[in-house]
Amino acid sequence: MKKISLKVATCLLAGCFMFSSCIGSYSLFNKFTSWELRMTKSKYLNAIIGFVIDIVCIPVTLVVDSLVLNTIEFWSGENPLQANIGKTQQVMGQDGKIYAVKTLKNGYEVTDPSGAVTLFTYNKKENSWSMSQNGETKELFRFNPDGQSISTVLNGEQKDFTLNEQGVFEAQMAAGNGLFFAAR
């Protein structure tokens, strides 16, 4: 049996990573373009600076995403740039109070001003979101296998809603028992 040289083995291994059809989220490129849009308060200045730095930054971010980050994401199933995990942000609620929202690997931990904690967690196996409060867990909704609708229990009844404007309207009507008030 003929031995494979180190060069050939390296090329084959690199080819496996490069051509593994690992189309990922291109998170580095997307973070760069998001930053580029808001690097200054002037959209015109952003455009001018963008013309200069894009020549170098866009090819670099695309190569790093394609060869490294997307490959890691493909094989591990997790995005390596999910840097928000474990971080806590202060968010003002609709009631005017400040809530602490901590990003978890599978959801969010929300602490209200009195210290009460509510967990919102995503179950990958069931493709559902649940809420845990005071030791009690309740499923909020689950994505249906069609990928175009969700299923939830409202007023003790199982209901499906499509993920479009019509579905949002139907959910509002169902949650409000058919009452809809216009705001002035």
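Just above sits the structure.
Residues numbered from 1 in each chain as written. Predicted model: local features only at pLDDT ≥ 70, side-chain atom pairs only at ≥ 80, totals over all residues. Heavy atoms only, no water.

1. Notes on the pattern of salt bridges
Following the criterion strictly, the structure yields 3 salt bridges and no others. Ionic pairing is found between Glu 126 and Arg 142, a salt bridge with its closest N-O pair at 3.1 Å. Pair noted here: Glu 126 is in the loop between strand 4 (117–123) and strand 5 (128–133) and Arg 142 is in strand 6 (residues 136–143), with a separation of 16 residues, a long-range link. Among the ionic pairs, Arg 142 bridges to Glu 139, the shortest N-O distance being 2.5 Å. Through salt bridges with shared partners, a single ionic network connects Glu 126, Glu 139 and Arg 142. (Salt bridge = Lys/Arg side-chain N within 4 Å of Asp/Glu carboxyl O. Helix = DSSP H or I, 4+ residues; strand = E, 2+ residues; numbered from the N terminus.)

2. With respect to the sheet that holds strand 3 (residues 107–111)
With antiparallel pairing, the 8 strands of this open sheet are ordered in space as 1-2-3-4-5-6-7-8. A strand with exactly one partner marks an edge of an open sheet, and here the two such strands are strand 1 (88–92) and strand 8 (157–162). For this sheet the average axis-to-axis angle between neighbouring strands, irrespective of direction, equals 25°. (Pairing = 2+ DSSP bridges. Axes fitted to C-alpha atoms, helices over the stretch in contact; angles between N-to-C directions.)

3. Focus: the side chain of Thr 118
In this structure, Thr 118 sits in strand 4. If we ignore the near neighbours within four places in the chain, the residues touching Thr 118 are Tyr 108, Glu 109, Val 110, Met 131, Ser 132 and Gln 133. (Contact = heavy atoms within 4.5 Å.)

4. Let's talk about a nonpolar patch on the surface
On the surface, Ile 55, Val 56, Val 60, Val 63, Val 64, Leu 67, Val 68 and Ile 72 cluster together into a nonpolar patch covering about 660 Å² of accessible area. Following the sequence through the fold, Val 63 ends up in helix 3 (residues 43–76). For Val 63, a relative accessible area of 47% gives the class partly exposed. (Patch = residues over 30% accessible without salt bridge, like charges linked within 9 Å, V, L, I, M, F, W, Y side chains within 5 Å. Areas by Shrake-Rupley, 256 points an atom, 1.4 Å probe, with all protein chains shown as cover. Buried < 20%, exposed > 50% of the residue type's maximum accessible area, 1.4 Å probe, protein only.)

5. What to know about the pairing of strand 8
Summarising the sheet, strand 7 (residues 149–154) and strand 8 pair through 6 bridges and their orientation is antiparallel. For Thr 152, the partnering residue across the bridge sits in strand 8 and is Lys 159. Linking two consecutive strands that pair antiparallel, namely strand 7 and strand 8, is a turn of 2 residues; a positive phi of about 55° is found at Asn 155 within it.

6. A few points about unusual backbone geometry
At Asn 127, a residue that is not glycine, the phi angle is positive and equals roughly 55°. With a relative accessible area of 27%, Asn 127 lands in the partly exposed category. For Asn 134, which is not glycine, the phi dihedral falls at a positive 55°. For Asn 134, the location among the structural elements is in the loop between strand 5 and strand 6. A residue is classified by how much of its surface remains accessible, and Asn 134, at 78% relative accessible area, is exposed.

7. Considerations on the side chain of Asn 144
Turning to its location among the elements, Asn 144 is positioned in the loop between strand 6 and strand 7. Separated by 2.8 Å, the side chains of Asn 144 and Ser 149 make a polar contact. Once residues within four sequence positions are removed from consideration, Asn 144 is found in contact with Ser 149, Ile 150, Ser 151 and Asp 160. (Polar contact = N/O pair within 3.5 Å; in protein donor to acceptor, adjacent residues only side chain to side chain.)

8. Details of the environment of Leu 69
Looking at the element boundaries, Leu 69 is found in helix 3. Sequence separation between Leu 69 and Gly 24 is 45 residues, and the spatial gap between their C-alpha atoms is 7.9 Å.

Any functional reading would require information beyond the geometric quantities listed.
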